[in-house]
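# Reading the structure
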Amino acid sequence: MKFCDRPFNYAYLADKGEVWPCGWMHYVIGNLYEQDLDDIWHSEAAQAARNSILNGSFAFCRGISCPFLERNELPDLSEEEIAKRAVVSPTPININMANDHICNIACTNCRKEIYCPEEGEREKIDDALKRFLPYANQAKSLSMNGGGEFLANPSFIKFLEKLQPIHQDFSLLFETNGVLFDESHWNRFSHLGDYNLSTTVTINSIRRETYRYLSGGFDHLERVLNNLRFLSGLRRENKINKLSVTIVVQECNFWEVPEYIRTFAHSDEFEIDSIIMKPLYKWWHMEEDTYWFKNILNPLHPYHKEYLKVLADDCWNDPKVYDWGCHNLREPMPHPLSQEKIYNRLLLNIYQNDKGLSAVDYLKACLECTGSRRVGFYGKNEFSQMMGGLLREAGAEVFQLTWTGDEEGEIPKISKQSFRPEMADLMLIIDFHKGGYWFKDLPALGFKGPVLTIEEFLEERNS
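Anyway, here's the lowdown on the structure attached to this text. (Residues numbered from 1 in each chain as written. Predicted model: local features only at pLDDT ≥ 70, side-chain atom pairs only at ≥ 80, totals over all residues. Heavy atoms only, no water.)

Broken down by element type, the protein chain carries 18 helices and 15 strands. Each of the three principal axes of the protein chain carries a C-alpha extent, and together these read 80 × 50 × 50 Å. Buried positions account for 54% of the 463 residues belonging to the protein chain. A sequence separation of at least 24 residues applies to 71% of the contacts in the protein chain between residues at least 6 apart. (Helix = DSSP H or I, 4+ residues; strand = E, 2+ residues; numbered from the N terminus. Buried < 20%, exposed > 50% of the residue type's maximum accessible area, 1.4 Å probe, protein only. Contact = heavy atoms within 4.5 Å.)

The residue Glu113 is located in the loop between strand E4 (94–97) and helix H6 (121–138) in this model. Distance from Glu113 to Cys103, taken between C-alpha atoms, is 9.7 Å for residues ten residues apart in sequence.

On to the sheet that holds strand E15 (residues 451–453), then. Taken together, the five strands give an open sheet; going across it, the order is E13-E12-E11-E14-E15, and neighbouring strands pair in parallel fashion. Edge positions in the open sheet fall to strand E13 (413–415) and E15, since each of these has one partner strand only. Taken over all neighbouring pairs, the strand axes of this sheet differ in orientation by 30° on average, direction set aside. Relative to E13, strand E12 (residues 397–402) is paired through three bridges, and the arrangement is parallel. Counted as the bridge partner of Leu401 is Ile414 from E13. Where helix H16 (residues 382–393) meets the sheet, it contacts strand E11 (374–378), E12 and strand E14 (426–429), and its direction lies at approximately 175° from that of E11. (Pairing = 2+ DSSP bridges. Axes fitted to C-alpha atoms, helices over the stretch in contact; angles between N-to-C directions.)

Here Asn153 shows up in the loop between strand E5 (141–144) and helix H7 (154–162). Judged by relative accessible area, which is 0%, Asn153 ranks as buried.

It is characteristic of soluble globular proteins that their nonpolar side chains tend to be buried jointly. The biggest cluster of nonpolar side chains holds 107 residues, and the ones touching the most others in it are Met97, Phe159, Phe174, Ile203, Phe264 and Met277. It is H6 that contributes the most residues to this core, seven residues altogether. Core analysis: the second largest hydrophobic core is formed by 26 residues, Tyr343, Leu346, Cys366 and Leu426 among them. (Core = buried A, V, L, I, M, F, W, Y, C linked by side-chain atoms within 4.5 Å.)

Pasting the structure below:
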């Protein structure tokens, strides 16, 4: 059986104080603003995350974006081997600090604007970091930031100045956009060069205009390249043990992939150990149409055939290249407006049905056909919300399924981790353009009832 040990020894510090078992397991096990890490680490929620690995469901994992799942790198172990490895460490020994999204640029694949923390958020972060520092000193590995730019954050710099790991084999990973990683910043925490230090610089283009576009209009390319030269010097002095660059491959930079790889793989001025090629993922509530235009892994993208030519280039075989999943083509996804056409057709079927029923009575009949009274649905768009309201008027007990965040209201929101199989007789995937994973995840969470698209639900009555 496939096994991942992250929930047993790893903690991901996310936004708003949340703690996850992994950055690719979107599941909250506690909150640093409200709890001590010890209590979070040994909570029922943490055990539920571990159980999702032990039962083989991986119910809370992001199959698309996790490099181990994308690359099929998880080990296949026997029950005895799993029993030996599925041992919970007393405290997390591997930690990823991504608990502040502050950044000095606005990469279009990450966000739409410069992030500013809410009032009082900075004080909460500072307090959490003070309480967290002893755990970080005891850890065996620490990475930061991943959620923003750690060098744009005074709290993180002060934290690094105080960091004194007790393990000599301690590993530290910095993820940075490179704009601020110069000698003056390095000198503030250079004592960490005594440990196993890796640094990854995200630079999404080496062409000025493309870089400026992808960084949200910020023209810092030359500064980043100069800082990469400085970091290369630290690499040659072994103050940095591994230096990597990362590019998020998308519609406007995939053309330069061969040039990018050859620039950093065979250069006298840059001492680069690894070139990480990441596909585009849908982060930070990216709009559906924006994602569609950026995602050239989609076979229906107008540039996809050109992308296939780039994938065939021999540059990908360079030993320094780490392909995160750029060759893992996605399911064909039509433009989001195509879903609107389906919605319009369904609305006509509901409101202009051949029985002359009102919309509410029509949905009552659909519910009777499925024998369902308690209905959960996935979908955040306007059509989904309207359908949820109509189902409620038709007499169903309705809730909206979300990734995280329970919320009371006329239509309650139930997070994935709070969902229980007995909550619903029927689950509807209304926003089917992006909700296909629920067909796998809901059975993995123990739900044994029907999981239908809204089309299937409405057509059930006429079948």
